[in-house]
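# Structure assessment
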Amino acid sequence: MADDKVKRRLTTVLCADVYGYSRLMEADETGTLETLRRYRTAIARLVERHDGRIVNTWGDAVIAEFASVVEAVQCAVEIQQEISSQASDAPQASPMRFRIGINLGDVMVDGSDIYGDGVNIASRLQELAEPGGVVISSSVYDQVHNKLSVGFDCLGQRPMKNIAPLTSYRLTLGGRAAQQGFPIAASAAPSESARAPWTDDRRRPSSATNVVSAWLARLPRPVAAALTVSAFLIVINLLTSHKIWFHWPVAAILFGVAMRMVLGNRPESDSRTER
C-alpha cells in the first residue's frame, strides 16, 4: 500500500510555447520544424546550464523544472535572448517566438514526468505572456524580486482557464539589465528598472518622490499613467486658475481606464484554439 502513495515535491516549472505555431506550420511546415528543432536544442542547452531538466516536449511546448527559482528565471531570460539573437541573424518574414510562464508549486511525480496544478499554472501563465516575453507567478516573484536586477510589471489577478485567478508579474526584458544578463543583487547595485518592493533599510526610498514612484511602478501601467496625468492636471489647475475645472477631464480619464481594465479582465479563450 505504501508503494502506491503519490509522490510529491515542490519545484519550479518553466513552460515555453511557440506563439502562433499552427499559423507558422501552415505557411512553411519544413522550415518551421527545422527552426523548432534548432530552438529546442538551444533551450535544452540553457536548461542544463542552469541545473534544470527537460521534463517533456508536447507538440511545440517545452516543460522544464528547476530546483532553484532564481536559476529558472535566469534561464527563461537567456532563452528569449538566445532566440531573439538567432532570429536577428537569419531574418524571416514570420519569426518564431516563444512565450514563457514560470511557477513555483507542488507537483505530483510519476517517474520522470510531473503533473498537477504546479504544471498547469505555468502553462496558463505562458498564455498571458507576450511573444518573446516571460510571466511569473506571485510565488516566483516572492523568491526572486530582491535577488535579481530585473524589472517587474504586476498584471494583477487575471482569469485563467480551469485555474483560480492568481497574481502574476511580467518581466521587463527591454532594459539594460535584461540585455546584459541578470547579476545577483548582492554583487551589484540594484537596477533603477527594478520595480520590486523595497525589503530592507539599504533599499528603502530616501524621499517622498521615490516612495510615490515605487508605488506607481507596482500598479498596472494604464492605472499608473492615468493617475500621473490626473495629478498633472490638478496641479496645473491649482497653479493657473481659481476656478476648478480638473474634475471633468480627470473623471473621463479614470472612467476610460476603469472600462479598459474591466474589458481586459474578461476570461480569455484557450490560446490553442486561437492558434
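Scroll up to find the structure this text is about.
Here we summarise the structure given alongside this text. Residue numbers here run from 1 along each chain, matching the order of that chain's written sequence. Only residues with pLDDT of at least 70 are given local features in this predicted model, and only at 80 or more are side-chain atom pairs given and counted; all residues enter the totals for whole chains, interfaces and linings. Excluded from the side-chain calculations are hydrogens and water; all other atoms, namely the structure's heavy atoms, are used.

### Here we look at the overall build of the protein
Applicable threshold: What counts as a helix is a DSSP run of H or I of at least four residues, what counts as a strand is a run of E of at least two, and both are numbered from the N terminus. Think of it in three bands: with a 1.4 Å probe and only protein chains considered, a residue is buried below 20% of the maximum accessible area for its type, exposed above 50%, and partly exposed in between. The contact criterion used is simple: two residues touch if any of their non-hydrogen atoms lie within 4.5 Å. Computed with the Shrake-Rupley method and a 1.4 Å probe, the accessible areas treat only the protein chains shown as cover for residues.
Scanning the protein from terminus to terminus reveals ten helices and eight strands. Classification of the 275 residues of the protein by burial places 41% in the buried group. Look at the contacts in the protein between residues 6 or more apart in sequence, and 69% of them connect residues 24 or more apart. Of the roughly 15,400 Å² of accessible surface on the protein, 55% is carried by carbon and sulfur atoms.

### Structural notes on the pattern of salt bridges
Stated precisely, the cut-off is as follows: The rule for a salt bridge is simple: a side-chain nitrogen of Lys or Arg has to be within 4 Å of a carboxyl oxygen of Asp or Glu.
Counted by the stated rule, this structure contains eight salt bridges. The salt bridge partner of R9 is E65, with a shortest N-O separation of 2.6 Å. You can see R9 sitting in strand β1 (residues 7-18) and its partner E65 sitting in strand β3 (residues 61-66), a full 56 residues away along the chain. Each of R9, R53 and E65 takes part in a single network of salt bridges with overlapping partners.

### Brief notes about the nonpolar core
For soluble globular proteins, the rule of thumb is that nonpolar side chains tend to be buried together. Defined as follows: Among buried residues, the Ala, Val, Leu, Ile, Met, Phe, Trp, Tyr and Cys ones that are joined through side-chain atoms within 4.5 Å form a nonpolar core.
Counting residues in hydrophobic clusters, the biggest one holds 39 residues, and the most contacted among them are F98, I102, I136 and V144. Take this core: its biggest share by element is ten residues, from helix α3 (residues 69-89). Excluding anything up to four places from it in sequence, I102 contacts T12, V13, L14, A72, V73, A76, L125, V134, V135, I136, S137 and V140.

### A word on the packing of aromatic side chains
Let me state the cut-off plainly: We call Phe, Tyr and Trp rings a pair once their centres come within 6.5 Å, taking the six-membered ring for Trp, and we label the pair stacked below 30 degrees between planes, edge-to-face above 60, and tilted otherwise.
Per the stated rule, a full pass over the model turns up three aromatic pairs. With a centroid separation of 6.2 Å and an interplanar angle of 65 degrees, the aromatic rings of Y39 and F98 are classed as edge-to-face. Placement of the pair is Y39 in helix α2 (residues 29-49) and F98 in strand β4 (residues 98-110), with a sequence separation of 59 residues. Judged by its relative accessible area of 2%, Y39 falls in the buried class. Since its relative accessible area comes to 0%, F98 is described here as buried. Between Y141 and Y169, the aromatic rings sit 3.9 Å apart at their centres with planes inclined by 5 degrees, giving stacked as the arrangement. Note that Y141 is positioned in helix α5 (residues 138-144) and Y169 in strand β8 (residues 163-172), a separation of 28 residues in sequence. Each member of the pair, Y141 as well as Y169, carries the same accessibility label: buried.

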